[in-house]
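Residues per chain are reported as follows:
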Amino acid sequence: MTLVSDILALLRTDLGDAAGELLGDNDVLRALTRSILAVNRDIGRMYQIAGDDIAPDLTGDDADLVVLRAHAFCCSMLRSAASANFSFGSGDKRVDKTMQAQAWGDLEKDLLARYREAVSRINPALADGLLEVGNIRPQRFEVGRHHHHDDH
């Protein structure tokens, strides 16, 4: 049985927010809800949140995917919060404790890249839509041609 509360606790641990100072419960739950929708869509599942349960039972790779995607959603929220808080003085301890917008943004990109890679292993048909081809096989750079790619 996969409990929503267990996954939320796991997410908080990943975020370094065990005490719940960065994100409120609704925020983390919203990230999880959006993550489940994304995973359902990306790998053809039918997960739903019912109270504190996720049905059908989340297992193994799927659970990892859901947590990964939710983690990225949380980073996205924290990135927005950090840019909004930028003008606050250092007297505000919430801002003191948060990473900067840039750092959350980098983490979000990293998590999304890992998520897409995992999705493409489970559902290769989606890989074209989700992935830069360069992530699947080594990209060949020809001298004098400019290739656009976001990875670094």
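Caption draft 1: Seen up close, unusual backbone geometry. The residue after Ala55, namely Pro56, is reached through a cis peptide bond having omega -10°. Tracing the backbone shows Pro56 in the loop between strand 2 (53-55) and helix 3 (60-84).

Caption draft 2: Layout of helix 2 (residues 25-43). Helix length check: helix 2 (19 residues) gives 27 Å between terminal C-alpha atoms against 27 Å at 1.5 Å per residue, within 8%. Those residues of helix 2 not exposed but buried are Val28, Ala31, Leu32, Ser35, Ile36, Ala38, Val39, Asn40, Asp42 and Ile43. Among the residues trailing helix 2, Gly44 stands out with phi positive, at a value near 65°.

Caption draft 3: Just the packing of aromatic side chains, in detail. This model, assessed by the stated rule, comprises 0 aromatic pairs. Over the face of the ring belonging to Tyr115 we find Arg69, whose NZ or CZ atom lies 5.5 Å from the ring centre.

Caption draft 4: Focus on the side chain of Ser120. Take Ser120: it is sitting in helix 5 (residues 101-122). The class for Ser120 is buried, based on a relative accessible area of 15%. From its side chain, Ser120 meets the backbone oxygen of Glu117 in a polar contact 2.8 Å long.

Caption draft 5: Expanded view of the side chain of Ser35. Note that Ser35 resides in helix 2. Setting aside residues up to four positions removed in sequence, Ser35 forms contacts with Leu65, Val66, Arg69, Ala70 and Phe73.

Caption draft 6: Structural context of the confidence of the model for the protein chain. Residues at a pLDDT of 70 or more form 72% of the protein chain, whose mean pLDDT is 81. Confidence drops under a pLDDT of 50 for residues 131-139, and excluding neighbours within four residues, the segment shows 11 contacts in the predicted structure.

Caption draft 7: Looking closely at helix 1 (residues 4-15). Here helix 1 is 12 residues long and its end C-alpha atoms lie 16 Å apart, about the 16 Å a rise of 1.5 Å per residue gives. Among all positions in helix 1, only Val4, Ile7, Leu8, Leu11, Arg12 and Leu15 are buried. Projection of helix 1 onto a plane perpendicular to its axis shows the buried side chains occupying an angular sector of 145°, all on one side. On its buried face, helix 1 is in contact with helix 2, strand 1 (48-50), strand 2, helix 3 and helix 5.

Scoring rules and cut-offs
Residues numbered from 1 in each chain as written. Predicted model: local features only at pLDDT ≥ 70, side-chain atom pairs only at ≥ 80, totals over all residues. Heavy atoms only, no water. Helix = DSSP H or I, 4+ residues; strand = E, 2+ residues; numbered from the N terminus. Expected span 1.5 Å × (residues − 1). Buried < 20%, exposed > 50% of the residue type's maximum accessible area, 1.4 Å probe, protein only. Phe/Tyr/Trp six-rings, centres within 6.5 Å; stacked < 30°, edge-to-face > 60°. Lys NZ or Arg CZ within 6 Å of the ring centre and 35° of its normal. Polar contact = N/O pair within 3.5 Å; in protein donor to acceptor, adjacent residues only side chain to side chain. Contact = heavy atoms within 4.5 Å. pLDDT = per-residue confidence, 0-100. Arc of directions from axis to C-beta.

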